[in-house]
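Chain and residue survey
Each chain, letter by letter, is given below.
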Amino acid sequence: MLQTAVGLTQAQAEHRLKQAGENTIGDKKQTHVAAMFFSQFKDLMILILAGATLVSVLLGETTEAVTIILVVLINASMGFLQEYRTEKTLEALQELAAPTAHVMRGGKLCEVDARRVVPEDVLVLQAGDRIAADCTVRTAVRLTCNESMLTGESVPAAKREGDRLYMGCTVLTGHAEAIVSATGMHTEMGKIADLVESAQEQPTPLQCRLRQLGRFIAAACVAICLAVALLGVWQGNDFFDMLLTGISLAVAAIPEGLPAIVTVTLALSVNRILRRGAVIRRLHAVETLGCAGVICTDKTGTITQNKMTVQRIALPQRSFSVSGSGYETAGEITEKGKRTDARQDAALRQLCTAGVLCSTAQITRKENVYEAAGDPTETAVLVAAAKAGITRETLAGKYSVIAENPFDADRKRMSVTVRTANGRKLLCKGAPDLLLMHCTRIAQGETERPMNASDRAQIRRMCEEMAADALRVLAFAQSDTPEKGEEELCFLGLMGMLDPPRSEVRDAVQKCREAGIRPVMITGDSRETALAVARKTGIARQGDGVLSGKELDALSDQALAARCMRTSVYVRVTPAHKLRIVRAYKAAGQVVAMTGDGVNDAPAVKEADIGVAMGITGTDVTKQASGVVILDDNFATIVSAVEEGRVIYQNIRRFIRFLLTSNLGEVTGMLFGMLLHLPVMLMPIQILLVNLFTDSLPAVALGMEKPARDIMHHKPRPKSEGLFAHGLARTILVRGVMLGAASCGAYWAVLRMSGDICVARSACFLAIVLSQMLHLFECRGEGLHFTGNPALLAAALASVASTLLVVYVPVLQRIFGTTAVSGTLLLPVAAAVLAGPAAAALKRWLRRTVRQ
């Protein structure tokens, strides 16, 4: 058996290092960066754009080809960056391991690189240390650890001989020796790394819809090429000429700027969300938030402040309320609504004095808050005592601690012996049920009296009342005979505390419900504590269910998916449970957002449709796994991001309507002309010029529309809802055909009036661009709306000005094959431009008339 006090020899450590490998997280083979980049070109829309580039080269339009190549590279780069982010998750896990560790090697204390810690090493731990590997406690003195990053529980974990410690967690109090049991990927942190790796990042709803749109456009382009080529050959035209014409129409039908416009629009929304307190790490995550139907949120640090706060104090026959939250200095202790100062209340002063002296934590006042160091429970007691006017400073000179009996998991209490002007005194705090067994007297003002059965029953009732409100209860006692130890104590009182909810969470939860979003709390805490917080914040309502980790284990995936929509709170869960919960909501057809801050949240955050990490308390692992980082750790900021996501989807539908209507108008106009045996309406360079003027700036500006007033009063759209839902496809088809018919009519009329093909094409060019610019303002809503979006008006004016320059400036006329259109020849152009809005206005008037 290894002599653990001596530790391994250097030779033994080197041998185990070769056997077990370095103590690192995520040493799996990584995808080569170049392979990751080139895999982006498999996207169908990218392939369509590549085809458009080839067509442009064949037509001799190198400028258009270069432009499309840039679009392809931009979109491929965006996809590459999203995938590269996943690799960073495991790198962040590596950073969480302690950089160095103190170990016993050959009987000497050594500081070694944490990567070189091996199984059976003896770690020497002190308060503030980050634990370098999973280990088992050999010896410990008053040892507590912060394991919230793994368990989600805000209460420090007390440790004794034989207990396990986990890599990445920190030592809060005490010191210990521990024997390493697992390193690297064999630790609990390593298992979480495996979960993060296995959690598949699904495409967002918008990405799915754009892929569907890409497939539709691809099919339409092939159909157009074949239809035009066959129709032209059937009419006796040259096959090669008709094939080039068909390809030109296919180029016109491809909204080559669509992916770039989506990217730019999402990027603009990122800046707006940043001003509201959130960073978007994945562009498409913005839109996904807009259709979130469930927000799964961790309790500790997200719903609550992760700062224990005393809320109630109980003395024999008396009860006090404590106001204030967290470590804020604001707050007071009141009895029946009247402020109480412990310096004038002997019984309250005794309790607060015991609380301050039975503590190793420290608080320092900085303006309106206390900076704390040490155990969170002890910090809460110090802050409460300070509100009553009792601090270490006020007690200095009156009391000095001369001995301490540290907290023990068996005794569940600790005590200190202090020297006072009247002699020595023992002060004790601990779990009420056990401490009460050692009390024989009870405080009554500044005096004491024997404790009777009625006193014990009353104290138990007070404890039960606090526990029912999810308060963690501490009892305090004292003795004037410290030589007797923790026996024959005098009961002083109780303090009840909890990790309070953030003040803004309740309003944020209400907004979620108004928007049809279901908030769900997932925590490692107890059922009672979780339910109390959930009810206070409005997350749990009458009839909502609660599931524990054990109950989850007993349910199949199908049963969980059926039950999850009736459950609002999950308690005593592990990281694997969180993954199952997220997958259950996804199986139930929900778009799931998962918020979190600890390492234990990272796998579920990545698995969710949209992962939301906390910016202040969140670990690097969770941030890397997320799509959105909330900078202020404010749950309410998520609601703002949801609103922005809904606006984005609304605007994307608007510019898709505009782009596809415009492109369909160009194609149908050309087809109508061919059916009428007219010369080709537009030259290839003119077709590309129309796309250049109408597919870029105007569409981007349309994506900057402000939200509708009632956008957060509607239920989330279904995950299966397509981009063309609610009659959008019909609107695009009808208006596209009308636009094509009107432009073909203008072309035919001017050709008949002038007999000049160049003039007719110029008139057609004017009619198409101007009618599309007018339709741009119709896409904002019903009717024409020219105000409220200066960027849109500026983009439209720029496109109109460019069009007029091409038609009326001699130098540009020679380049683009145009000529001036004037006099009565402008009448068919005006008629074509106004035909669409006039028909839409007539339709609205008829609809109102029928309703009346």
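Residues numbered from 1 in each chain as written. Predicted model: local features only at pLDDT ≥ 70, side-chain atom pairs only at ≥ 80, totals over all residues. Heavy atoms only, no water.

This next bit is on the overall build of the protein. Scanning the protein from N- to C-terminus turns up 31 helices and 28 strands. Taken across its 852 residues, the protein has 55% of its residues classed as buried. Taking all contacts inside the protein whose residues are at least 6 apart in sequence as the whole, residues at least 24 apart take part in 70%. For the protein, the exposed surface amounts to about 36,100 Å²; the carbon and sulfur share of it is 57%. (Helix = DSSP H or I, 4+ residues; strand = E, 2+ residues; numbered from the N terminus. Buried < 20%, exposed > 50% of the residue type's maximum accessible area, 1.4 Å probe, protein only. Contact = heavy atoms within 4.5 Å. Areas by Shrake-Rupley, 256 points an atom, 1.4 Å probe, with all protein chains shown as cover.)

Glancing now at the side chain of Gln478. The topology assignment puts Gln478 in strand 21 (residues 472-479). There is a polar contact of 3.1 Å between the side chain of Gln478 and the side chain of Gln350. Ignoring any residue separated from it by four or fewer positions in sequence, one finds Gln478 in contact with Gln350, Lys425, Leu426, Leu427, Arg441, Glu448, Leu489, Cys490 and Leu492. (Polar contact = N/O pair within 3.5 Å; in protein donor to acceptor, adjacent residues only side chain to side chain.)

Moving on: the pairing of strand 26 (residues 592-596). With five of five residues buried, strand 26 is to be regarded as a mostly interior element. Alternating residues of strand 26 divide into Val592, Met594 and Gly596 and Ala593 and Thr595, and every residue in both groups is buried. Sheet analysis places strand 26 next to strand 27 (residues 610-614), joined by four bridges and oriented parallel. Bridge pairing links Gly596 to Ala613 in strand 27. (Pairing = 2+ DSSP bridges.)

Take helix 1 (residues 10-20) next. Among all positions of helix 1, only Ala13, Arg16 and Leu17 are buried. Buried residues of helix 1, viewed axially, fall in a sector of 110 degrees; they line one side. Summarising the geometry of helix 1, the exposed residues directed more than 90 degrees from the buried face are Ala11, Lys18 and Gln19. Gly21 sits one or two residues past helix 1 and shows a positive phi near 85 degrees. (Arc of directions from axis to C-beta.)

With that settled, the discussion passes to the packing of aromatic side chains. Throughout the structure, instances matching the rule amount to two aromatic pairs. Between the aromatic rings of Tyr570 and Tyr585, the centroid separation amounts to 6.5 Å while the plane-to-plane angle is 85 degrees, which identifies the pairing as edge-to-face. In this pair, Tyr570 sits in strand 25 (residues 567-571) while Tyr585 sits in helix 21 (residues 575-587), placing the two residues 15 residues apart along the sequence. Tyr585 carries the same exposure label as Tyr570, and that label is buried. Centroid distance Phe777 to Phe786: 4.8 Å. Interplanar angle 45 degrees. Geometry classified as tilted. Look at Phe777 and you get buried, because its relative accessible area is 4%. (Phe/Tyr/Trp six-rings, centres within 6.5 Å; stacked < 30°, edge-to-face > 60°.)

Moving on: a nonpolar patch on the surface. Side chains of Leu784, Phe786, Leu793 and Leu797 sit close together on the surface and give an oily, nonpolar patch of about 350 Å² of accessible area. One can find Phe786 in the loop between helix 28 (757-778) and helix 29 (790-808). (Patch = residues over 30% accessible without salt bridge, like charges linked within 9 Å, V, L, I, M, F, W, Y side chains within 5 Å. Salt bridge = Lys/Arg side-chain N within 4 Å of Asp/Glu carboxyl O.)

What follows is about the pairing of strand 3 (residues 122-126). Burial runs high along strand 3: four of the five residues are buried. Bridge count between strand 1 (residues 100-105) and strand 3: two bridges; the pairing is antiparallel. Residue pairing across strands places Met104 opposite Val122, the latter belonging to strand 3. Taken together, the five bridges between strand 3 and strand 7 (residues 170-182) define a ladder with antiparallel strand orientation. When the bridges of strand 7 are listed, Leu125 appears paired with Ala176.

Attention now moves to helix 29. Under the 1.5 Å per step criterion, the end-to-end length of helix 29 is 27 Å for 19 residues, consistent within 8% with the ideal 27 Å. Where helix 29 is concerned, the buried positions are Leu792, Ala795, Ala796, Ser799, Thr803, Val806 and Val807. Summarising the axial view, the buried residues of helix 29 lie within an arc of 105 degrees, below the 170-degree limit, and thus occupy one face. Across from the buried face of helix 29, at angles greater than 90 degrees, the exposed residues are Pro790 and Leu797. (Expected span 1.5 Å × (residues − 1).)

A few words now on the confidence of the model for the protein. Across the protein, pLDDT averages 82, with 84% of residues at or above 70. Model confidence for the protein, summarised as mean pLDDT per element, is weakest for helix 4 (residues 62-96) at 55 and strongest for strand 22 (residues 489-498) at 95. Long-range and interchain partners of residues 89-98, a stretch whose pLDDT sits below 50, account for 30 contacts in this model, where long-range means more than four residues apart. (pLDDT = per-residue confidence, 0-100.)

A word on the packing of helix 24 (residues 635-675) against helix 27 (residues 728-754). Relative orientation of the contacting elements helix 24 and helix 27 amounts to 40 degrees, with a least axis distance of 7 Å. Between helix 24 and helix 27, the crossing angle belongs to the class labelled oblique. Judged by the sense of rotation from one axis to the other, the crossing of helix 24 with helix 27 is right-handed. Of the residues in helix 27, those touching helix 24 at Arg653, Ile656, Arg657, Leu660, Thr661, Leu664, Gly665, Thr668, Gly669, Phe672 and Gly673 are Leu728, Thr731, Ile732, Leu733, Arg735, Gly736, Val737, Leu739, Gly740, Ala741, Ser743 and Cys744. (Axes fitted to C-alpha atoms, helices over the stretch in contact; angles between N-to-C directions. Parallel < 35°, antiparallel > 145°, perpendicular 65-115°, else oblique. Left-handed = near helix turned anticlockwise from the far one by under 90°.)

This brings us to the packing of helix 27 against helix 31 (residues 826-851). As a packed pair, helix 27 and helix 31 sit with axes 8 Å apart at the nearest point and diverge in direction by 155 degrees. Classified by the interaxial angle, the pair formed by helix 27 and helix 31 is roughly antiparallel. By crossing handedness, the relation of helix 27 to helix 31 is classed as right-handed. In this structure, helix 27 contributes Arg735, Met738, Ala742, Ser743, Ala746, Ala749, Val750 and Met753 to the contact, and helix 31 contributes Pro828, Val829, Ala832, Ala835, Gly836, Pro837, Ala839 and Ala840. Classifying every residue of the contact of helix 27 with helix 31 gives 13 nonpolar, two polar and one charged. (Nonpolar A, V, L, I, M, F, W, Y, C, P; charged D, E, K, R; others polar.)

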